[in-house]
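Fold and contact review
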Amino acid sequence: MPEKINKIHEEAKIAFEAADTLQKLDEIRIKYLGKNGLFTDLMKNLASLDPSEKPAYGKAVNDAKKDIEQAFQDKKSKFEGQELFNLVKSGQLDITLPGKSFPRGKKHPITQVMDEMVSIFERLGFSVAEGPDIETEYFNFEALNIPPYHPSRDMWSTLWLEDGLLLRTHTSPVQIRVMKKQKPPLAVIAPGRVYRRDADVTHSPVFHQLEGLLVDTDIKFSDLKGVLTLFLHAVFGRDKKVRFRPSYFPFTEPSCEVDVECVMCEGDGCGVCKQSGWLEILGAGIIDPNVLKNVNYDPEKYSGFAFGVGIERIAMLKHGIGDIRLFFENDIRFLRQF
Ligand code: FA5
């Protein structure tokens, strides 16, 4: 038996060495290494051997097979190298030509700003949560202390769907979803798309918000102000003029809004800031005890703050853009700049 292995091994090596075209080389590969080739036959003999002879026989076949597989690969590489050389020599291939460059895509400017905001809050210890774009009236309004027919519903120009469903008007429903699932202490942000019947240079019917929520014992307005100031300094630097202004939201008490000096007129007043010199970027406040009760948190024990930042407004201020609609027109000349 070993003689037979040696014989086929030697023959195969000589045959591979002698092959003078790729096609011949492949024919020889099939003859020896193919599914029905001579090495498969050698292996079939294994069954008829005495068990004591099987290991040595198997090893000898495998070693020989490995060796001629290598001989095949070496010869194949030689042919391929020769083929390339011939193409270069005959002038059919010019290897001095510069390579083709493939254009690479980039993240949309809104996604870039959103990623930057998320990373700032992650560094402050907040984790990320998500909620659905299609919401129920309960999560978008009722649980947030906005009962049916209450005039405060007018603050959100709602796009209604059928069966009491709606396109969420803000990311605040994620607050409720998170608090119903988790117990305090918690610090969460929820970035996402929101929808309103709104349209002008600073209002888009589809836009993005980043919600923030922190609940623990003993949380005060000064904690909220500290976190938001850190965030604003990280996004705009310390020199940008920013103001906290008292405001009203049904789910926070006290509430505030934050404005940043208008980028277009630097505070003088223009069409973008409606002559006020400021652009409103976020709403915030201390969570109303009624909201805590709605999620079965004890308002005597826990307190917290929440905020909702307009991501397009941050992008407008960062990049000096005077019309929110530019973000959604998908004009490649505009998008390439970021
Ligand atoms: C809210 O939506 C509240 N949910 C924010 C909040 C969260 C308050 C938690 C308290 C606690 P408001 O409607 O003001 O608030 O919107 C928040 C921010 O979204 C605004 O400051 C503004 O920056 C941005 N914004 C609002 N409407 C639009 C719009 N149509 N297009 C672009 N940005 C908008």
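A short tour of the structure in this document, coming up. Quantities reported herein were computed from a predicted structural model and do not represent experimental measurements.

Some remarks on the packing of helix α8 (residues 221-236) against helix α10 (residues 311-319)
Put simply, α8 and α10 touch, their axes get as near as 11 Å, and they point 45° apart. Classified by the angle their axes make, α8 and α10 are oblique. Facing α8, whose interface residues are Phe231, Val235 and Phe236, α10 presents Ile314, Leu317 and Lys318. A per-class count over the contact of α8 with α10 returns five nonpolar, no polar and one charged.

Concerning the nonpolar core
Note that soluble globular proteins tend to have their nonpolar side chains buried in a common cluster. Counting 43 residues, the largest nonpolar core has Phe231, Ile281, Phe305, Phe307 and Ile314 as the members making the most contacts within it. Residues contacting Phe307, with those up to four places away along its chain left out, are Phe121, Leu210, Glu211, Gly212, Leu224, Leu228, Gly283 and Ala284.

What about the pairing of strand β4 (residues 186-195)?
Within β4, nine of the 10 residues are buried, which leaves it mostly tucked inside the rest of the structure. The pairing of strand β1 (residues 127-128) with β4 spans two bridges and is parallel. Looking at β4, one finds that Ser127 is bridged to Val188. One ladder, built from 10 bridges, connects β4 with strand β5 (residues 206-216); its direction is antiparallel. Paired with Leu186 across the strands is Val215, a residue of β5.

Comments concerning the site of the ligand
Around the ligand sit 27 residues, and of these His170, Ser172, Arg196, Ser204 and Glu280 come closest. At 2.9 Å, a side-chain N or O of Ser172 approaches a nitrogen atom of the ligand. Side-chain polar atom of Arg196 to an oxygen atom of the ligand: 2.8 Å apart, as the coordinates give it. When the ligand sits alone it has 680 Å² of accessible area, and the protein chains cover 97% of it. Counting residues per element, the ones that place at least two in the shell around the ligand are β5, β7 (252-261), β8 (278-287) and β9 (303-310).

Side note on the sheet that holds β4
Read from one edge to the other, the open sheet built from seven strands follows the order β1-β4-β5-β9-β8-β7-β6, with strand pairing classed as mixed. Lying at the two open borders of the sheet, with one neighbouring strand each, are β1 and β6 (242-249).

Details of the side chain of His208
Among the structural elements, His208 can be located in strand β5. With relative accessibility at 11%, the residue His208 sits in the buried group. If we skip the residues at most four places from it in the chain, His208 touches Ile110, Met114, Gly192, Arg193, Val309, Gly310, Ile311, Glu312 and Phe328.

Notes on the packing of helix α1 (residues 2-18) against helix α2 (residues 22-33)
At a closest axis distance of 10 Å, the pairing of α1 and α2 adopts a crossing angle of 170°. One element, α1, and the other, α2, form an angle in the roughly antiparallel class. From α1, Ile8, Glu11, Ala12, Ala15 and Phe16 reach across to α2, where they touch Leu25, Ile28, Arg29, Tyr32 and Leu33.

Focus: unusual backbone geometry
In this structure, Pro185 follows Pro184 across a cis peptide bond, with omega equal to 5°. Counting through the fold element by element, Pro185 comes out in the loop between α7 (173-181) and β4. In this structure, the amide linkage connecting Glu253 to the following residue, Pro254, adopts the cis form with an omega of 0°. Non-glycine residue Glu266 carries a positive phi angle of around 50°.

Some thoughts on the packing of aromatic side chains
Each aromatic ring pair is specified by the distance between its two centres and by the angle formed by the two planes. Counting across every chain of the model gives 12 aromatic pairs. With a centroid separation of 6.3 Å and an interplanar angle of 40°, the aromatic rings of Phe141 and Trp160 are classed as tilted. Separated by 19 residues along the polypeptide, Phe141 in the loop between α6 (137-140) and β3 (165-167) and Trp160 in the loop between α6 and β3 bring together distant segments of the chain. For Phe141, a relative accessible area of 0% puts it in the buried group. For Trp160, a relative accessible area of 44% puts it in the partly exposed group. Arranged with centres 5.8 Å apart and planes meeting at 35°, the rings of Trp156 and Phe251 form a pair that is tilted. With a gap of 95 residues between them, Trp156 in the loop between α6 and β3 and Phe251 in the loop between β6 and β7 connect regions that are remote in the sequence. Taking relative accessible area as the criterion, Trp156 reaches 5% and is therefore assigned buried. Classification of Phe251 by relative accessible area gives buried; the value is 7%.

Brief notes about the environment of Tyr297
Along the chain, Tyr297 turns up in the loop between α9 (289-294) and β9. The spacing of Tyr297 and Cys262 is 35 residues in sequence and 40 Å in space, taken between C-alpha atoms. Residues contacting Tyr297, with those up to four places away along its chain left out, are Met179, Gln182, Lys183, Pro184, Leu186, Val215 and Leu292. In terms of polar contacts, Tyr297 uses its side chain to reach the backbone carbonyl oxygen of Met179, at 3.3 Å.

What counts, and where the lines are drawn
Residues numbered from 1 in each chain as written. Predicted model: local features only at pLDDT ≥ 70, side-chain atom pairs only at ≥ 80, totals over all residues. Heavy atoms only, no water. Axes fitted to C-alpha atoms, helices over the stretch in contact; angles between N-to-C directions. Helix = DSSP H or I, 4+ residues; strand = E, 2+ residues; numbered from the N terminus. Parallel < 35°, antiparallel > 145°, perpendicular 65-115°, else oblique. Contact = heavy atoms within 4.5 Å. Nonpolar A, V, L, I, M, F, W, Y, C, P; charged D, E, K, R; others polar. Core = buried A, V, L, I, M, F, W, Y, C linked by side-chain atoms within 4.5 Å. Buried < 20%, exposed > 50% of the residue type's maximum accessible area, 1.4 Å probe, protein only. Pairing = 2+ DSSP bridges. Near = heavy atom within 4 Å. Polar contact = N/O pair within 3.5 Å; in protein donor to acceptor, adjacent residues only side chain to side chain. Areas by Shrake-Rupley, 256 points an atom, 1.4 Å probe, with all protein chains shown as cover. Phe/Tyr/Trp six-rings, centres within 6.5 Å; stacked < 30°, edge-to-face > 60°.

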